Amino acid sequence: MKWTINSERPVYRQLIEQIEGRIISGIYKSGEKLPSVRDLATEASVNPNTMQRALANLEQSGLVYSKRTSGRFITEDQKMIEGIKKEMALSEIKNFIEKMNKMGFDRQAIIALIQKEGVTNE
Amino acid sequence: MNNAAILSTVDMTKRYGKLTALDHLNLSVGRGKIVGLLGPNGSGKTTLIKLAAGILTPSDGQILIDGQEPCAETKAKVSYLPERTYFDEHMKVSQLITKFEDFYEDFDREKAAAMISDLDIDLDAILKSLSKGTKEKVQLILVMSRKAKLYLLDEPIGGVDPAARDYILNTIIGNYQEDGTVLISTHLIADVEKILDEVIFIRDGQLMFQESVDDIREERNQSVDECFREVFKC
């Protein structure tokens, strides 16, 4: 998975979102150790301090925890990961509905379209 | 960790004859940060870097490196990449490495040699025979292979292609000492802003502002590049 950082939004926020994305999609597995701050920063081509800030934020929310000497780990709390997955999905859906509304589709038209698309995909 | 500034200026002025390059500049740069020194052409960026490197002396006021006025002791803490090459172009890459090793106690020869071999650069090649981009990479590798407290990089990505830029930026991120500070002067803001903690905007030798880059994005809803274009609109 590629890191895509743009310069218009605070970089640490984009890092938080993308690390969350990697956790819910299983690239970083529950209970697994995260790479070091510097390695992650180099991988994403960002400042190590910014990466540090993103990780500190994730620690605060509990998705990541640190062991004194051995580094940072992904939470073992599956419920929490599921929760964030759902949150992300809901926010995607909200964005999608907003866009569709702008295009002139109401709720029912959207649902009808999704069902049709689902059928043709299968 | 020491919280005092690694670099500070107190009412510092630098004049070249009648021209005032820096005008009562007051600024302070903390430790463990990557800081962009940004400003239009002729705003005094290179002059400030040369003063910090101890190559120039202020006409008035003071500049302090790690609390001291520039001297042999501060030069040992500062790793400086000038805008233009100052090396003898007839030297071999290996000779240049040896020169750095002789000159700087904090130089890590193994680290430099490993990075140079990663790039498949021939140690026996004469500097003159290298392309501009390769030459820039070699110089940066040498400068970043020191365990300095302050790295001064004057236009490190000017005149190299985008792939070489990425290499240079990653070399900076991956190699500066954790409590060290990197001051990068550049006008290629869009390319470097992702790796910065803070920016210092100067114009006509004066400080316009100094701010954290994520604060600029959060408060102004714009990139540092956009902010620069707005502030320095002609």
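The structure displayed is predicted, hence computed values, not measured ones. (Residues numbered from 1 in each chain as written. Chains lettered and ligands numbered in written order. Predicted model: local features only at pLDDT ≥ 70, side-chain atom pairs only at ≥ 80, totals over all residues. Heavy atoms only, no water.)

A few words on the overall build of chain A. Of regular secondary structure, chain A possesses 5 helices and 2 strands. Along chain A, helices (α) and strands (β) appear in the sequence α-α-α-β-β-α-α when read from the amino end. In terms of C-alpha radius of gyration, chain A reaches 18 Å, well past the compact-globule figure of 14 Å for 122 residues. When its C-alpha atoms are laid out on the principal axes, chain A stretches across 55 × 35 × 25 Å. At a minimum sequence separation of 6, the contacts of chain A that also span at least 24 residues come to 48%. Total accessible area on chain A stands at roughly 7,900 Å², and carbon and sulfur atoms take up 53% of it. Computed over 19 positive and 16 negative side-chain charges, the inter-centroid distance for chain A is 4 Å. (Helix = DSSP H or I, 4+ residues; strand = E, 2+ residues; numbered from the N terminus. Rg over C-alpha atoms; globule rule 2.2 N^0.38 Å. Contact = heavy atoms within 4.5 Å. Areas by Shrake-Rupley, 256 points an atom, 1.4 Å probe, with all protein chains shown as cover. Lys, Arg positive; Asp, Glu negative; His and termini not counted. Charge placed at Lys NZ, Arg CZ, Asp CG, Glu CD.)

Let us look at the overall build of chain B. When helices and strands are tallied, chain B shows 9 helices and 9 strands. Taken over the C-alpha trace, chain B has a radius of gyration of 18 Å; the compact-globule value for 234 residues is 17 Å, and the two agree within 12%. Each principal axis of the C-alpha distribution contributes one length, and for chain B these read about 45 × 40 × 40 Å. Taken over 234 residues, chain B has a buried fraction of 52%. Long-range contacts, defined as pairs at least 24 residues apart, comprise 68% of the intrachain contacts of chain B with a sequence gap of at least 6. Here chain B displays about 10,700 Å² of accessible surface, and carbon together with sulfur accounts for 46% of that area. (Buried < 20%, exposed > 50% of the residue type's maximum accessible area, 1.4 Å probe, protein only.)

Bringing the confidence of the model for chain B into the picture now. Predicted confidence across chain B gives a mean pLDDT of 91, with 99% of residues reaching 70 or more. Here the predicted complex carries an ipTM of 0.80, next to a pTM of 0.87. (pLDDT = per-residue confidence, 0-100.)

On the chain A side, the residues contacting the 22 residues of chain B number 18 residues. When chain B packs against chain A, the two sides together hide about 1,600 Å² of surface, and 40% of this comes from carbon and sulfur. Inspection of the chain B/chain A interface yields 2 salt bridges. Here Glu218(B) makes a salt bridge to Arg13(A), at a shortest N to O gap of 2.2 Å. Viewed at the interface, chain A and chain B are joined by 13 residue pairs in polar contact (both at pLDDT 80 or more). Every element with two or more residues in the side of chain B that touches chain A is listed here: helix 6 (162-175) and helix 8 (213-220) of chain B. A total of 4 residues in the side of chain B that touches chain A trace back to one element, the largest contributor, which is helix 6 of chain B. (Buried area = accessible area lost by both parts, 1.4 Å probe. Salt bridge = Lys/Arg side-chain N within 4 Å of Asp/Glu carboxyl O. Polar contact = N/O pair within 3.5 Å; in protein donor to acceptor, adjacent residues only side chain to side chain.)

Let's shift gears to the nonpolar core. Among soluble globular proteins, nonpolar side chains are generally buried collectively. Leu15(A), Met51(A), Leu153(B), Ile172(B) and Phe201(B) are the most contacted members of the largest nonpolar core, which totals 57 residues. For this core, the element with the highest residue contribution is helix 1 (residues 11-24) of chain A, accounting for 7 residues. Aside from chain neighbours lying at most four places away, what touches Leu15(A) is Trp3(A), Ile5(A), Ala44(A), Val46(A), Thr50(A), Met51(A) and Ala54(A). (Core = buried A, V, L, I, M, F, W, Y, C linked by side-chain atoms within 4.5 Å.)

All names here are of chain B. If you trace the 6 strands from one edge of the open sheet to the other, you get 5-6-7-3-8-9, paired in mixed fashion. The strands lining the two open edges of the sheet, one partner per strand, are strand 5 (78-81) and strand 9 (206-212). Within the sheet, the average angular offset between the axes of one strand and its neighbour, ignoring direction, is 15°. Sheet topology note: the strand 6 (residues 150-154)/strand 7 (residues 181-185) ladder contains 5 bridges and is parallel. Within strand 7, the residue paired with Leu150 across the bridge is Thr181. (Pairing = 2+ DSSP bridges. Axes fitted to C-alpha atoms, helices over the stretch in contact; angles between N-to-C directions.)

By the secondary structure assignment, Val143(B) is in helix 5 (residues 132-144). In contact with Val143(B), other than residues within four places in its own chain, are Ser79(B), Tyr80(B), Leu81(B), Phe100(B), Tyr151(B) and Leu153(B).

All right, on to helix 5 of chain B then. Residue and element names in this part refer to chain B. Taking 1.5 Å as the rise per residue, helix 5 with 13 residues should run 18 Å; its terminal C-alpha atoms sit 18 Å apart, in good agreement. The element helix 5 is extensively covered by neighbouring structure, given that 11 of its 13 residues are classed as buried. What helix 5 keeps buried is the set Gly133, Lys135, Glu136, Lys137, Val138, Gln139, Leu140, Ile141, Leu142, Val143 and Met144. Packing partners of the buried residues in helix 5 comprise strand 5, helix 3 (93-103), helix 4 (109-118), strand 6 and helix 6. (Expected span 1.5 Å × (residues − 1).)

Residue and element names in this part refer to chain B. For strand 1 (residues 7-16) and strand 2 (residues 19-29), the ladder comprises 7 bridges, and the chain directions are antiparallel. Opposite Met12, over in strand 2, you have Leu25 as the bridge partner. A loop of 2 residues connects strand 1 with strand 2, the two strands running antiparallel in sequence, and Gly17 in this loop sits at a positive phi of about 60°.

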